[in-house]
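Structural overview
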Amino acid sequence: MDIFQIVAIGIVGGILAVMIKKENPTFAVMVSLAVAVLIFIFLMPPLAGLIALIANITGHLSSGQEYVLVVVQIIGIAYVAEFGAQICNDAGEGSIASKIELAGKVLIMGVAAPIIISLVEQVVAIIP
Amino acid sequence: MDITVVFQIAAVGILVAVLNQVLKGAGRDDQATMTTLAGLIVVLFWIISHISDLFGTVQNLFQL
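So, here's what we can say about the structure. (Residues numbered from 1 in each chain as written. Chains lettered and ligands numbered in written order. Predicted model: local features only at pLDDT ≥ 70, side-chain atom pairs only at ≥ 80, totals over all residues. Heavy atoms only, no water.)

Let's shift gears to helix α5 (residues 94–126) of chain A. All names here are of chain A. The first and last C-alpha atoms of α5 sit 46 Å apart over 33 residues, in line with the 48 Å expected at 1.5 Å per residue. The largest bend along α5 reaches roughly 45° and is located at alanine 112, with the proline proline 114 sitting one to four residues downstream. Looking at α5, one finds that the buried residues are Ala97, Gly104, Ala112 and Ser118. Here the buried face of α5 lies against α4 (65–90). (Helix = DSSP H or I, 4+ residues; strand = E, 2+ residues; numbered from the N terminus. Expected span 1.5 Å × (residues − 1). Bend = angle between axes of the 7 residues up to and from the residue. Buried < 20%, exposed > 50% of the residue type's maximum accessible area, 1.4 Å probe, protein only. Contact = heavy atoms within 4.5 Å.)

On to the pattern of salt bridges, then. Residues and elements named next belong to chain A. A full pass over the atoms with the stated rule returns one salt bridge over all chains. A salt bridge links lysine 22 to glutamate 23; the shortest N-O distance between them is 3.3 Å. Judged by relative accessible area, which is 68%, lysine 22 ranks as exposed. A residue is classified by how much of its surface remains accessible, and glutamate 23, at 37% relative accessible area, is partly exposed. (Salt bridge = Lys/Arg side-chain N within 4 Å of Asp/Glu carboxyl O.)

Before going further, it helps to spend a moment on the interface of chain A and chain B. Tallying the contact residues gives 33 residues for chain A and 29 residues for chain B. Buried area between chain A and chain B, summed over both chains or domains, comes out near 2600 Å², and the portion from carbon and sulfur atoms is 90%. Of all residues in chain A, Phe27, Met30 and Met44 of chain A give up the largest surface area on contact with chain B, accounting jointly for 22% of the area buried on that side. Where chain A packs against chain B, one counts zero salt bridges. The interface formed by chain A and chain B contains one residue pair in polar contact (both at pLDDT 80 or more). Broken down by secondary-structure element, the contributors of at least two residues to the side of chain A that touches chain B are α1 (3–21), α2 (25–42), α3 (44–59) and α4 of chain A. With twelve residues, α2 of chain A is the largest single contributor of residues to the side of chain A that touches chain B. (Buried area = accessible area lost by both parts, 1.4 Å probe. Polar contact = N/O pair within 3.5 Å; in protein donor to acceptor, adjacent residues only side chain to side chain.)

See below:
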């Protein structure tokens, strides 16, 4: 699924959304949401390949195994939060979009907390 | 899930817009809002099923 198809879908979706926006804006948001979902689904296979690559590379590491899972989860949370925030911005609901982004940040901090703790412990252990 | 879904949604949007014009011309404004509501609900059902597919794939992929 190369970039040309994605760009074509995006352009067609954009034109359709603008065309419908005049009569009823709700359907314009629906069209842009459908295009967003479509492009995100087309991005899944290359993303899966990248994640498998990351897992493979870090497989040879001795200690940092569980950190890769956290990194992948953080990417996932950011990915979905950005998707929701952009759709809400499209619909004109800036406040909801910022709330979604805030929630994404908080959840990412929640997932990343163990790493920060273990990092601090290792630093403390190094300091004599 | 491919481009035809986008075209279907656009078609429903245009159809509802045209129906609104016709119904408003015939003086039946309440039925115009009804058709908009109906079109919206149909499109919502399509979109929600695709969004749940997407979120399911994302959940498996990122082990969330």
